[in-house]
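Single-letter residue listing:
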Amino acid sequence: MLAESTRTARAGMRGIALIPVLVVLAFAALLWIFHEPILSGAGAFLDNGAQPHQAEAIVVLAGGWRGERIVAAADLKERGLAPLVVVSGAVTLYGQRECPMAIDFIRRMGRSTEGYVCADSNASSSKEEAGNVADFLRKRGLKRVLVVSCDTHMRRASRLWRKQAPDLDLTFVSAPSPNFELKRWYKTREGRKWVVLEWTKVITSYFGI
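Residues numbered from 1 in each chain as written. Predicted model: local features only at pLDDT ≥ 70, side-chain atom pairs only at ≥ 80, totals over all residues. Heavy atoms only, no water.

## Considering helix α5 (residues 126-139)
Phase 1 of the analysis: If you check α5, its first and last C-alpha atoms are 20 Å apart, about what 14 residues at 1.5 Å a residue would give, namely 20 Å.
Phase 2 of the analysis: For α5, the set of buried residues is S126, E129, A130, G131, V133, A134, F136 and L137.
Phase 3 of the analysis: Looking at the buried residues of α5, the elements they touch are β1 (57-60), β2 (85-88), β5 (116-119), β6 (144-150) and α6 (154-164).
Phase 4 of the analysis: G141 occupies a position one or two residues after α5 and carries a positive phi of about 70°. (Helix = DSSP H or I, 4+ residues; strand = E, 2+ residues; numbered from the N terminus. Expected span 1.5 Å × (residues − 1). Buried < 20%, exposed > 50% of the residue type's maximum accessible area, 1.4 Å probe, protein only. Contact = heavy atoms within 4.5 Å.)

Given below as structure tokens:
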């Protein structure tokens, strides 16, 4: 009788031990079934851009090396939404500042570059860039501003800018990523690379990294 009770107790313990395994398997199954909506939502979360409106200036954040940010800003200017385009010059590539290269990119497209100016800075982070460019705007009395960045960068950029420049009237306008659709980022290597990197930056930025 004692041996039978012991066997029953052991069987019960094994059953209890299986519960975490079954929970993990069920969770994995749910992830597999719903992985596309979950991954799509993770990408879409990064873009909290808004519709543009009339402003005093358009700011182009550094980093759009395929031209998507400066082109989006040029489109806004040509729609008459602001007379001035302020291009951040926070990045140096092969000894050249990013801003003049970005403006030249627009010029070579046959588009007017009248009203484009550089806001050069030596910023080494998005936070520093926001502070430096915001100071540039304040010195020129510019308050109502459209800030252009790529869709993957928009949520982090908007949080940093609102913290660095609460006195400015800021609207954030997304430029689409040039090589992938944000809601389907997991379908391409380029999308996976940029979205995973940006999520890493979003999380670490809360710790000042």
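## Examining the layout of surface pockets
Remark: the empty space left among the atoms is shown by a probe the size of a water molecule rolled over them.
Phase 1 of the analysis: Volume-wise, the largest pocket comes out at about 850 Å³.
Phase 2 of the analysis: Around the largest pocket, the lining comprises 36 residues; the ones closest to its centre are S126, H153, R156, E198 and K201.
Phase 3 of the analysis: Elements supplying a minimum of two residues to the lining of the largest pocket: α3 (68-78), α5, α6 and α7 (189-205).
Phase 4 of the analysis: Among the elements that make up the lining of the largest pocket, the one with the highest residue count is α7 (seven residues).
Phase 5 of the analysis: Grouping the amino acids of the lining of the largest pocket by side-chain chemistry returns 13 nonpolar, 12 polar and 11 charged.
Phase 6 of the analysis: One number sums up the size of the second largest pocket: a volume of about 250 Å³.
Phase 7 of the analysis: Lining of the second largest pocket is provided by 18 residues; of these, G64, W65, E98, M101 and A102 occupy positions nearest its centre.
Phase 8 of the analysis: Listed by contribution, the elements that provide at least two residues to the lining of the second largest pocket are α3, β2 and α4 (98-108).
Phase 9 of the analysis: Per element, the largest residue contribution to the lining of the second largest pocket is six residues, and it comes from α4.
Phase 10 of the analysis: Taken together, the residues of the lining of the second largest pocket break down into 10 nonpolar, three polar and five charged. (1 Å grid on protein atoms, 1.4 Å probe; cavity = no way out; pocket = protein on both sides within 12 Å on 5 of 7 lines; lining within 4 Å. Points joined across faces, edges and corners; volume = space filled by probe spheres on them. Nonpolar A, V, L, I, M, F, W, Y, C, P; charged D, E, K, R; others polar.)

## Comments concerning the pattern of salt bridges
Phase 1 of the analysis: Under the defined criterion, the tally for this structure stands at 12 salt bridges.
Phase 2 of the analysis: Taking the shortest distance from any N to any O, the salt bridge between R138 and D135 comes out at 2.7 Å. Here the residue R138 and the residue D135 both occupy positions in helix α5, the gap between them amounting to three residues, near one helical turn.
Phase 3 of the analysis: We classify R138 as partly exposed; its relative accessible area is 29%.
Phase 4 of the analysis: Of the charged contacts in the structure, one is a salt bridge between K193 and E190, with a shortest N-O distance of 3.6 Å. Within this pair, K193 and its partner E190 are both found in helix α7, separated by three residues, close to a single helical turn.
Phase 5 of the analysis: Taking the relative accessible area as the measure of exposure, K193 reaches 40% and is therefore partly exposed.
Phase 6 of the analysis: E190 gets classed as buried once you look at its relative accessible area, which sits at 16%.
Phase 7 of the analysis: Among the charged side chains, a salt-bridge network with shared partners connects D135, R138, K143 and D167. (Salt bridge = Lys/Arg side-chain N within 4 Å of Asp/Glu carboxyl O.)

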